Amino acid sequence: MSCAIATGPAAALDAVTGTPILTVTGDVQNTNADGVAEFDFDMLGTLDAVTFETSTIWTDGLQTFTGIELDDLLTLVGAEGETLKAFAVNDYAIEIPVSDAVDGGPIVAFLHNGEPMSLRNKGPLWIVYPYDSKSDYQSELIYSRSIWQLNRIEVQR
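Remember, it's a predicted structure, so these values are computed and weren't measured experimentally.

*Asks:* Whenever I open this one, the pairing of strand 5 (residues 83-88) confuses me. Can you help?
*Replies:* Side-chain direction in a regular strand flips from residue to residue, so the side chains alternate between the two faces of the sheet. Along strand 5, five of the six residues are buried, which leaves the element largely enclosed by surrounding structure. In this structure, strand 5 lies alongside strand 6 (residues 93-97), joined through five bridges in antiparallel fashion. Looking across to strand 6, one finds that K85 is bridged to E95. Here strand 5 folds back onto strand 6 in antiparallel fashion, the turn holding four residues, of which D91 has a positive phi close to 75 degrees. As judged from the six bridges shared by strand 5 and strand 10 (residues 148-156), these two strands associate in the antiparallel manner. Bridge pairing links A88 to L150 in strand 10.

*Asks:* I tried to follow helix 2 (residues 70-77) on my own but got confused; where do I start?
*Replies:* Counted residue by residue, helix 2 has six buried out of eight residues, so it is predominantly covered. Buried within helix 2 are the following residues: L70, D71, L73, L74, L76 and V77.

*Asks:* It is not clear to me how the environment of G45 should be interpreted in this structure. Could you clarify?
*Replies:* With respect to the helices and strands, the residue G45 is situated in helix 1 (residues 41-46). You can call G45 partly exposed: its relative accessible area is 48%. In sequence terms G45 and F110 are 65 residues apart; their C-alpha atoms lie 8.3 Å from each other.

*Asks:* How should I be thinking about the nonpolar core in this particular structure?
*Replies:* Nonpolar side chains in soluble globular proteins tend to end up buried together. Of all hydrophobic cores here, the largest spans 43 residues; its most connected members are V24, F39, L73 and L150. Sequence-distant contacts of L150, defined by excluding residues within four places in its chain, comprise I21, L22, A86, F87, A88, V108, P124, L125 and I127.

*Asks:* Can you help me understand unusual backbone geometry in this one?
*Replies:* Negative phi is the rule for most residues except glycine; trans is the rule for most peptide bonds. Following G123, the chain continues to P124 via a peptide bond in cis, the omega torsion being 10 degrees. If you trace the backbone, P124 turns up in the loop between strand 8 (115-116) and strand 9 (125-128). Its identity as a non-glycine residue notwithstanding, D34 has a phi of 45 degrees, on the positive side. Mapped onto the secondary structure, D34 falls in the loop between strand 1 (20-26) and strand 2 (37-40). Overall, the relative accessible area of 83% leaves D34 in the exposed class. Backbone geometry places K122, a non-glycine residue, at a positive phi of 75 degrees. Residue position: K122 is located in the loop between strand 8 and strand 9.

What counts as what
- Residues numbered from 1 in each chain as written.
- Predicted model: local features only at pLDDT ≥ 70, side-chain atom pairs only at ≥ 80, totals over all residues.
- Heavy atoms only, no water.
- Buried < 20%, exposed > 50% of the residue type's maximum accessible area, 1.4 Å probe, protein only.
- Helix = DSSP H or I, 4+ residues; strand = E, 2+ residues; numbered from the N terminus.
- Pairing = 2+ DSSP bridges.
- Core = buried A, V, L, I, M, F, W, Y, C linked by side-chain atoms within 4.5 Å.
- Contact = heavy atoms within 4.5 Å.

What follows is the structure in structure tokens.
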């Protein structure tokens, strides 16, 4: 399955073929379902994923995470906002400034230690920062933005 984006002002993502696990709404230009961008697990797996090791305050020892960089996801959907409101499956929500979405920054992880994440294990998706890469990522503010059981992101101006 490819995840190509059409070119031009009416760019669109390929439609999902499985159950969507991530929906991106709000100020997005590239969509595939009624003005929103939906991604299923297989679609996320076709994107340019990154993998890194880091420790977290919620786990023991080094952990490996694989996912799409948040900045790449925002580019893919044509996001034009200043703030991301990220929602968990249980409707818990946090705000993340778009300025956090930088190369080498947080990812929308879909694999933890090489395996998909169940709801019981913080899945299906978890926004993970490379906490060990710089001290700025080791703060209560950043930890509070590391939402697990992620299923929706709303791009806000």
